[in-house]
There are 4 protein chains.
Amino acid sequence: MDVVEVTPTFEQYAYTFGGVAPLMRIRPGTALRVWSEDAFNGALRSTKDLSSDKVDLRFINPQTGPFHVEGAEPGDTLALHFVAMEPARDWGASATIPFFGGLTSTAVTATLQEALPDTTWIYELDRAANTVTFAARHTDLEIALPVEPMLGTVGVAPMGGEVRSSLVPERFGGNMDTPQMRPGTTCFLGVNVEGALFSIGDGHYRQGEGEACGTAVEGAMTTTLIVELIKGDAPAWPRLEDDTHWMTVGSSRPLEDAWRIGQVELVRWFRDLYGLDPMDAYQLLSQISEVPIANVVDANYSAVVKARKSLLPRATAYGGLHDDLRRRAATLL
Amino acid sequence: MDVVEVTPTFEQYAYTFGGVAPLMRIRPGTALRVWSEDAFNGALRSTKDLSSDKVDLRFINPQTGPFHVEGAEPGDTLALHFVAMEPARDWGASATIPFFGGLTSTAVTATLQEALPDTTWIYELDRAANTVTFAARHTDLEIALPVEPMLGTVGVAPMGGEVRSSLVPERFGGNMDTPQMRPGTTCFLGVNVEGALFSIGDGHYRQGEGEACGTAVEGAMTTTLIVELIKGDAPAWPRLEDDTHWMTVGSSRPLEDAWRIGQVELVRWFRDLYGLDPMDAYQLLSQISEVPIANVVDANYSAVVKARKSLLPRATAYGGLHDDLRRRAATLL
Amino acid sequence: MDVVEVTPTFEQYAYTFGGVAPLMRIRPGTALRVWSEDAFNGALRSTKDLSSDKVDLRFINPQTGPFHVEGAEPGDTLALHFVAMEPARDWGASATIPFFGGLTSTAVTATLQEALPDTTWIYELDRAANTVTFAARHTDLEIALPVEPMLGTVGVAPMGGEVRSSLVPERFGGNMDTPQMRPGTTCFLGVNVEGALFSIGDGHYRQGEGEACGTAVEGAMTTTLIVELIKGDAPAWPRLEDDTHWMTVGSSRPLEDAWRIGQVELVRWFRDLYGLDPMDAYQLLSQISEVPIANVVDANYSAVVKARKSLLPRATAYGGLHDDLRRRAATLL
Amino acid sequence: MDVVEVTPTFEQYAYTFGGVAPLMRIRPGTALRVWSEDAFNGALRSTKDLSSDKVDLRFINPQTGPFHVEGAEPGDTLALHFVAMEPARDWGASATIPFFGGLTSTAVTATLQEALPDTTWIYELDRAANTVTFAARHTDLEIALPVEPMLGTVGVAPMGGEVRSSLVPERFGGNMDTPQMRPGTTCFLGVNVEGALFSIGDGHYRQGEGEACGTAVEGAMTTTLIVELIKGDAPAWPRLEDDTHWMTVGSSRPLEDAWRIGQVELVRWFRDLYGLDPMDAYQLLSQISEVPIANVVDANYSAVVKARKSLLPRATAYGGLHDDLRRRAATLL
């Protein structure tokens, strides 16, 4: 299985889902090895680099793509299987951007208070130990944390001719910021436009659930993925599958609506997977759901609803595609 | 170490936090073995028992207590360490009560739609296998699920002379409905009135995160716990500790506010535990928090914010009380 | 018609709805002339008095009452008709209490930001002109504003044995903070306990919709009202009637839920008033509702939904009680 | 003063803000007389026309425009003064579209309940009486209501290269659905792209505040407006001015955030208008704001915050442009 290498130039980054000409046309079944810049577009390289000075809001959260998938039509389902994610630099950066984040007022949760201090943290990567190190800015505490690479942003062109900032999570995917978007996961997205036009970016060397301060350990990433296409069967909202869980992602405000979306979408999926009446699926999921918050900081908030496969009878989705992709992925490593 | 057995009569149940005379006075250090009725007050015993017929809203979510803890004064910290929880019946019940739950309109998220069907599910307990069995009402699917006992409701008398329904989670604890309230966990609650006046109830043989339909596998429970008192140091919101995590629980609406509360409370706790400046704690927690939603169905929604101890330097809270309680608990089992 | 004068001592104020012994027993039909202290309990008397120094949180928002209405039983409807409200002092006070208000983070919309400056404004009353004067603290601007007296807090004892702080608006009424609670308005509240046990307080010499900073022009008030009782027919949520509008008040969080409650309650009322099917009432109200926000600062937010009588066929509620009370009120002035 | 007549063909309607080539280029100072189709694109003409049958979601809420305003650059302020709005048909239509509206679950406030009945109401227009008639579908009640024409949707191209559905209200304006957007009002919008690219549509013959069922008395409209341009001074969110009020419009979810946005924007405007420190503006507005909810049904909810000019010292905004436009408008009528 061949792998197509993709390393965009600065001019080639996309900052929206929709509204951008394809970077490349690919066939279903293609494996890609994609370089993505960090969400700050590489602007924060030391604790002296403050986001209010260095980050250019026109060039925030750059995406690599979009990729035009041949044969993809509205109503189809795009499957992106993440094989590997490797930090592409030896450090990641995080920052408390003024009036951005979960424990501050923002442009929409507007108050008259002063912003929190604009502060940058640099996390040095130790490749041997596979850790990034938190270094407190106000005391001497340093803590080495495991690298757990993930992509904050994965999405397709939206429906209805909309073009959305790469900062937005919505039913087209986008900036969901869930740690579940990691190697071993297959992401299923409904196709809205011909070619699907998916992009990826916003690599995180690690991230807590909720992404409280608004930024993870942001870092350039090299992502290996396999792209597949299922004709029809577009899910209403993003679905994820890994070896252990069925998952859905809802994104909206307030946060309970993000949760409601994810929970209803998993009820729908359980009808397909297990033939369950919605009331029975509602009941069953009430007793087994795992619900890690993804982000409470973006233009929409995101919640993940998960069901552990080991608790459930064996079932397959999309013709067992995830298992097949896992086998294909193994040939790439 | 002696264990005091407590089995209330029907007339002795409490339906509020605050406003009820003590069931019993105990000294700090006491171990209790407490029987609690299920949230339906035992009214649902077969799938033919519908909540709208059988459940008496005056007698919903009965609590065992309140217990007056000698020496407890406002500003102190009550510690409840859960040693064991054993299902006290051979079945649990769950129901979709009309206009109650997360995937339906309710009295406050009011719409003009019809209610979902009032439906009851009975979960048979297999003590040998330690499972409860989900039996679909509309198909033949049956699934044995592990028993994971927990208490939905643990709280003290509220501040300011308020008396709150046992259905409410708030800063006094109450109906938080988090699966973290399980054997091995120590719950720290700020004391608001002399004697603390804590109660427990709402046993769940298992529950998914979010408690989507509004009811878990509700069951009578026998709970063994040790009660301790710390003078002063009352946390603003409930804190939990187990062998693996530091945890806080926020309860409010909308759900993002529940999350904000929990996240800020853990920032505060990290200042005590690790001497971290709030900005550093905010940053660190942004990269390591685990945030399972507790409930999206009660009078307030609840979110848990957790930090894994194994990622962090060694620290102790409240003079290492949790570890001490674990040792004491071991003598009871 | 006699009027009973009520002027409580400091020790007689109530700080909760429910949980307090009656101040007085009255018969339906009684007219009262009631003195109420301001929400700060008189603690802010100059711009040098800061809320964080002077306001004692144990004694905030004192209520005059509760009044036991003879014959009132759960399920009945209490009608309070406001005849007159007169400022009882020559000044009112307002303040930006730290972490309280709509344009600041709070204990539940928790952030890590600093509080806004604790600032007090004193509004001098000009009885001849019937104005209170806003005096800017940072510039010389002074603006005389019309006195438009209202009560922020009107409520009965809650259901289910709850006792709630006088800061809370809920289905029992309470701290709704709507400018509609003014002379000429009749307020209908469902009775939850024997005697209804209503209280009033929190006089405002004027208030904007939303009560943005959390406090109005707070002032001691002398309120004349007539108390009536309707057997049965308890509304689920507070209803108001004046000569021009039918009104309902919903209180919850998020604010859209407060609105939903009020809108659904008015749909229900229109079924009684005009025999309308809920879908027709929904449609009609979609084209005629007026929806002034009441408060976005209290423990629950409140929204008022109004329908202008002059747009509608003539109808009467509760046997034309409002018109009757208007006539009786005229004899008192 | 000449008036340019604009009547688009079906193919010329715009369904998004941004992403559409200009319909026409105009100079600042131009007066337009614009025909706009109704939000259903004329699909509902009888009570037998159900929205689920007849309304094509690809062609919903058609806008007339966009208009390229010569000289408009990002950071400038577009002023649209509405001179007149005349119903362009003899009937308007309203409908309860399944899973759309405020008193139903929706795609994002997702539940498992059934939709409300898909129902259409036709409002006959009486030009002589200037009324539209509500005719109940389930009883015989008919009520003639005053025509109060307004535009639900007024906006410019969004910032950041986004393209948004005409169903969305946001900081670029859009589908705010406020009855304040009526003849006599000047709307100020920040310009995000060269030429501003504004569109208008979604005529309502009348609408209640909140637009509870999701649709007003929707009707084709002939709108006369004058277009002006102010260099610089772009407001962060839409501002409105009429002869009696200063107004701002915030749009977000939850509804309290829409309100916060509007309230903070009016604090900012008061700094410009009256030289007030933000804390003084916050205080003053707390006592005088009028806050009618605009919509609780769209992709974002909208709240209007108003201050009555007659309460305040005389001040002018944007060099007195509103008064000037009123004078110019008078020459057109």
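This write-up is about the structure you can find in this document. Just so it is clear, the model here is predicted, and its values are computed rather than measured. (Residues numbered from 1 in each chain as written. Chains lettered and ligands numbered in written order. Predicted model: local features only at pLDDT ≥ 70, side-chain atom pairs only at ≥ 80, totals over all residues. Heavy atoms only, no water.)

Some points on the sheet that holds strand β11 (residues 150-155) of chain A
Residues and elements named next belong to chain A. One open sheet holds the 6 strands; their spatial order is β3-β5-β16-β11-β14-β13, and the pairing between them is mixed. Each edge of the open sheet carries a strand with a single partner, namely β3 (24-26) and β13 (169-170). Pairing geometry for β13 and strand β14 (residues 173-174), over 2 bridges, is antiparallel. Each residue of the ladder has a partner; that of E170, found in β14, is G173. (Pairing = 2+ DSSP bridges. Helix = DSSP H or I, 4+ residues; strand = E, 2+ residues; numbered from the N terminus.)

A look at unusual backbone geometry
The linkage connecting G65 of chain C with the following residue, P66 of chain C, adopts the cis geometry, with an omega of 0°. Inspection of the secondary structure assignment puts P66 of chain C in strand β5 (residues 63-69). The phi torsion at N61 of chain A lies on the positive side, around 50°, for a residue other than glycine. Using a relative accessible area of 1% as the deciding quantity, one classes N61 of chain A as buried. Residue N41 of chain C is not a glycine yet carries a positive backbone phi of 60°. One can find N41 of chain C in the loop between β4 (31-36) and α1 (51-54). The class for N41 of chain C is buried, based on a relative accessible area of 14%. (Buried < 20%, exposed > 50% of the residue type's maximum accessible area, 1.4 Å probe, protein only.)

Concerning the side chain of T120 of chain A
Residue and element names in this part refer to chain A. Locating T120 in the fold gives a position in strand β8 (residues 119-126). You can call T120 buried: its relative accessible area is 0%. Engagement of the side chain of T120 in a polar contact is seen with the backbone oxygen of D49, the distance being 2.6 Å. Once residues lying within four places of it in the same chain are set aside, the contact partners of T120 are L44, S46, T47, D49, L50, S51, S94, A95 and R137. (Polar contact = N/O pair within 3.5 Å; in protein donor to acceptor, adjacent residues only side chain to side chain. Contact = heavy atoms within 4.5 Å.)

Topic: the pattern of salt bridges
For the structure shown, the criterion picks out 90 salt bridges over all chains. Linking R326 of chain C and D243 of chain C is a salt bridge whose minimum nitrogen-to-oxygen distance equals 2.8 Å. Note that R326 of chain C is positioned in helix α4 (residues 321-330) and D243 of chain C in the loop between β18 (239-241) and β19 (245-252), a separation of 83 residues in sequence. Exposure remark for R326 of chain C: the relative accessible area of 34% places this residue in the partly exposed category. What you see here is one network of salt bridges that share partners, running through E228, D324, R327 and R328 of chain B. (Salt bridge = Lys/Arg side-chain N within 4 Å of Asp/Glu carboxyl O.)

Here we look at the interface of chain D and chain C
Interface size, as often reported, equals the accessible area lost upon joining of the parts. Opposite the 63 residues of chain D that make contact, chain C presents 64 residues. Approximately 5200 Å² of surface area, both sides summed, lies buried where chain D meets chain C, with 66% of it carried by carbon and sulfur atoms. Across the chain D-chain C interface, the total number found is 0 salt bridges. Our count for the contact surface shared by chain D and chain C stands at 38 residue pairs in polar contact (both at pLDDT 80 or more). Secondary-structure elements contributing two or more residues to the side of chain D that touches chain C are β7 (91-96), β8 (119-126), β10 (142-146), α2 (255-274) and α3 (278-288) of chain D. Along the lines of polarity and charge, the residues of the side of chain D that touches chain C split into 35 nonpolar, 19 polar and 9 charged. (Buried area = accessible area lost by both parts, 1.4 Å probe. Nonpolar A, V, L, I, M, F, W, Y, C, P; charged D, E, K, R; others polar.)

A closer look at the pairing of strand β17 (residues 221-230) of chain A
Taken residue by residue, a regular strand's side chains alternate between the two faces of the sheet. Residue and element names in this part refer to chain A. Among the 10 residues of β17, 10 are classified as buried, and the element is accordingly described as predominantly covered. Of the two faces of β17, the one carrying M221, T223, L225, V227 and L229 and the one carrying T222, T224, I226, E228 and I230 are both buried. Of the pairings in the sheet, the one linking strand β4 (residues 31-36) to β17 comprises 6 bridges and is antiparallel in character. Counterpart to W35 in the pairing with β17 is T222. Two elements, strand β6 (residues 77-87) and β17, share 10 bridges in a ladder whose sense is antiparallel. Within the sheet, the bridge partner assigned to L80 lies in β17 and is V227.

Quick word on the interface of chain C and chain A
Contacts between the two partners involve 13 residues from chain C, matched on the other side by 13 residues from chain A. Together chain C and chain A conceal approximately 940 Å² of surface at their shared face, both sides included; 59% is due to carbon and sulfur atoms. If you look at where chain C meets chain A, you find 0 salt bridges. At the junction of chain C and chain A, the tally comes to 6 residue pairs in polar contact (both at pLDDT 80 or more). Looking at the side of chain C that touches chain A, its residues break down into 7 nonpolar, 4 polar and 2 charged.

Regarding the environment of Y282 of chain C
All names here are of chain C. Tracing the backbone through its elements, the reader meets Y282 in helix α3 (residues 278-288). Take Y282: its relative accessible area is 2%, and that puts it in the buried class. Distance in space between the C-alpha atoms of Y282 and V267 is 6.1 Å, their sequence separation being 15 residues.

Focus on the sheet that holds strand β13 (residues 169-170) of chain C
Residue and element names in this part refer to chain C. Pairing within the open sheet is mixed, and its 6 strands lie in the order β3-β5-β16-β11-β14-β13. Edge positions in the open sheet fall to β3 (24-26) and β13, since each of these has one partner strand only. Sheet topology note: the β3/β5 ladder contains 3 bridges and is parallel. Each residue of the ladder has a partner; that of M24, found in β5, is F67.

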